[in-house]
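Geometric and topological summary
Letter by letter, the chains look like this.
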Amino acid sequence: MTDTITIRRPDDWHVHLRDGEMLQLVAPYTARQFARAIVMPNLVPPVTTVEQASAYRDRIVAAAGEGFTPLMTCYLTDKASGDELARGHAERVWVAAKLYPAGATTNSDSGVTDIRNIWAALERMQAIGMPLLVHGEVTSHDVDVFDREAVFIDRVLASLVHDFPDLKVVFEHITTKQAAQFVADAPANVGATITPQHLMLNRNALFQGGLRPHAYCLPVVKREEHRLAVRAAAVSGNPKFFLGTDSAPHVVGAKESSCGCAGLFNAPFAIEAYAQVFDEDGALDRLEAFASLNGPAFYGLPINDELMTLVRGGEIVPDRIGEVVPYGAGSAFGWRIQD
Ligand code: DOR
Ligand code: ZN
């Protein structure tokens, strides 16, 4: 049994770092593990201009400290401008743009109401090689919340991938067997990120002895068969699948509420959680590809030079970090980062 594993330093290809006090609290946790992270733009107001993104990047660098590179994204609205996207991409401010269907999740009210509204923007992104990051859920009230990802593939994503054959598309935080299959079958310009919670939890976790707000994120965790399919994809070694924590902190009062916010703060022990999953599935030798190689290859970026060593035996996750309850609070993942 391997008790130590050394990998290239990983990157997080999907994270919410927030702003203000929360940014100060959470950024160091992401920076402690990851060399780079794709930073989500769903602030209030959303990050829609190059100037906003550039200023936000400066605040992140100040909060995270040396040795961490935030990769910024543009929040797409119905009014998204191809020129603004191209300018930000050319100035190396924006690495990618994020599609939130309006109303799908936290701070998505300014999101896209109909994919046809951003057609010209997508054509421009395809032309300049700027990846589209997709929150893949429909929002119609007639669609069951557990089916929203699978229905999104049929109603939106399949035709999008067909109509933009050269657009790089990341299907973010996949949660279903349909999504894992869609990405596996798609051309190489389509990839997916996978969170620790969607590898570890099924929907029973939401109701384990009572209502569990700290297991609630969007897309919501699904049935066991879906968890197993997503997990098989993650540990398969297929280069289309890579690490994206979707760490999304909310203060405890906003989670433990009559209308609790979606999102788990998993940044503090993210790589430890992934290591546990790969270990349980006998795939520790594939952790490095998932965490440190596949993402850079997809984005066309270099892999990190530094190494990270993980050793067996995790520490207990604290009950609180500031006013936030971290993912796994009170328990331990099977691995820890060697100092
Ligand atoms: O659970 C989630 N939280 N899913 C999202 O898509 C957004 C995120 C947030 O920003 O809180
Ligand atoms: Zn997210």
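In this report, the structure presented in the accompanying data block is examined. Predicted model, so just to flag it, every value in this text is computed and none were measured. (Residues numbered from 1 in each chain as written. Chains lettered and ligands numbered in written order. Predicted model: local features only at pLDDT ≥ 70, side-chain atom pairs only at ≥ 80, totals over all residues. Heavy atoms only, no water.)

1. Describing the site of ligand 1
Just so we agree on the cut-off: Being near a molecule or strand, for a residue, comes down to having at least one heavy atom within 4 Å of it. Each polar contact in these results corresponds to two N or O atoms within 3.5 Å; when the atoms are within protein, one needs to be able to donate a hydrogen and the other to accept it, and residues that are neighboring in sequence are counted only if both atoms are side-chain atoms. Exposure was quantified through the Shrake-Rupley algorithm and a 1.4 Å probe, taking into account, for residues, occlusion by the shown protein chains and nothing else. A 1.4 Å probe that fits into a set of points on a 1 Å grid over the protein atoms alone but cannot get out defines a cavity; an open set with protein on both sides within 12 Å along at least five of seven lines defines a pocket, and lining residues are those with an atom within 4 Å of a point. Put plainly, a molecule is in a cavity or pocket when over half of its atoms are within 2 Å of the grid points there. Here the nonpolar group is Ala, Val, Leu, Ile, Met, Phe, Trp, Tyr, Cys and Pro; Asp, Glu, Lys and Arg are the charged ones; every other residue, Gly included, is treated as polar.
Among the 13 residues in the neighbourhood of ligand 1, the closest are listed as R18, N42, T105, L218 and H250. At a separation of 2.8 Å, a nitrogen atom of ligand 1 approaches a polar backbone atom of L218. Protein burial of ligand 1: of its 280 Å² of free accessible surface, 100% is covered by the chains. Spatially, ligand 1 is embedded in the largest cavity. Classifying every residue of the shell around ligand 1 gives 4 nonpolar, 7 polar and 2 charged.

2. Points about the sheet that holds strand β4 (residues 69-75)
The condition that has to hold: Pairs of strands are assigned from DSSP output, requiring at least two bridges between the strands. Helix numbers and strand numbers start at the N terminus; a helix is a DSSP run of H or I with at least 4 residues, a strand a run of E with at least 2. Fitting a line to C-alpha atoms yields each axis, with helices limited to the stretch in contact; the angle taken between N-to-C directions then spans 0 to 180 degrees. We call two residues in contact when some of their heavy atoms are within 4.5 Å.
With parallel pairing, 8 strands are arranged side by side in an open sheet as β2-β3-β4-β5-β6-β7-β8-β9. Unpaired on one side and paired on the other, β2 (12-15) and β9 (241-243) mark the two borders of the sheet. The sheet shows a mean angle of 30° between the axes of neighbouring strands, taken without regard to direction. Both strand β8 (residues 190-194) and β9 contribute to a ladder of 3 bridges, which runs parallel. Residue pairing in the sheet places A192 in a bridge with F241 of β9. Sheet strands in contact with helix α3 (residues 82-90) are β4 and β5 (94-99), and its direction is about 145° off that of β5. Sheet strands touched by helix α11 (residues 287-299): β2, β3 (36-39), β5, β6 (132-134), β7 (169-171), β8 and β9. Its angle to β9, the strand with the most contacts, is close to 115°.

3. Brief notes about the pairing of β3
Definition in use: Partly exposed residues are those whose accessible area sits between 20% and 50% of the maximum for their type, while under 20% is buried and over 50% is exposed, using a 1.4 Å probe and protein chains only. With the strands pointing away from the viewer, any crossover whose connection runs clockwise from the first strand over the helix to the second is right-handed.
Residues R36 and I38 line one face of β3 and the alternating positions A37 and V39 line the opposite face, and both faces are buried. Direction of pairing for β2 relative to β3: parallel, over a ladder of 2 bridges. For D12, the partnering residue across the bridge sits in β3 and is A37. In this fold, the crossover linking β2 to β3 by way of helix α1 (residues 20-33) has right-handed handedness. The sheet contact formed by β3 and β4 spans 4 bridges and is parallel. Looking across to β4, one finds that R36 is bridged to T69. In this region the chain leaves β3, passes through helix α2 (residues 50-64) and returns to the parallel neighbour β4; the handedness of that crossover is right-handed.

4. As for the packing of aromatic side chains
Rule in force here: Here a Phe, Tyr or Trp ring, Trp counted by its six-membered ring, pairs with any other such ring whose centre lies within 6.5 Å, and the pair is stacked when the planes are under 30 degrees apart, edge-to-face when over 60, and tilted otherwise.
The full count for this structure, using the stated rule, is 11 aromatic pairs. Aromatic pair Y75 and Y100: ring centres 5.4 Å apart, planes at 40°, arrangement tilted. In this pair, Y75 sits in strand β4 while Y100 sits in the loop between β5 and α4 (119-128), placing the two residues 25 residues apart along the sequence. The exposure classification of Y75 matches that of Y100, with both residues buried. Centroid distance Y327 to F333: 5.8 Å. Interplanar angle 35°. Geometry classified as tilted. Its relative accessible area of 11% is what places Y327 among the buried residues.

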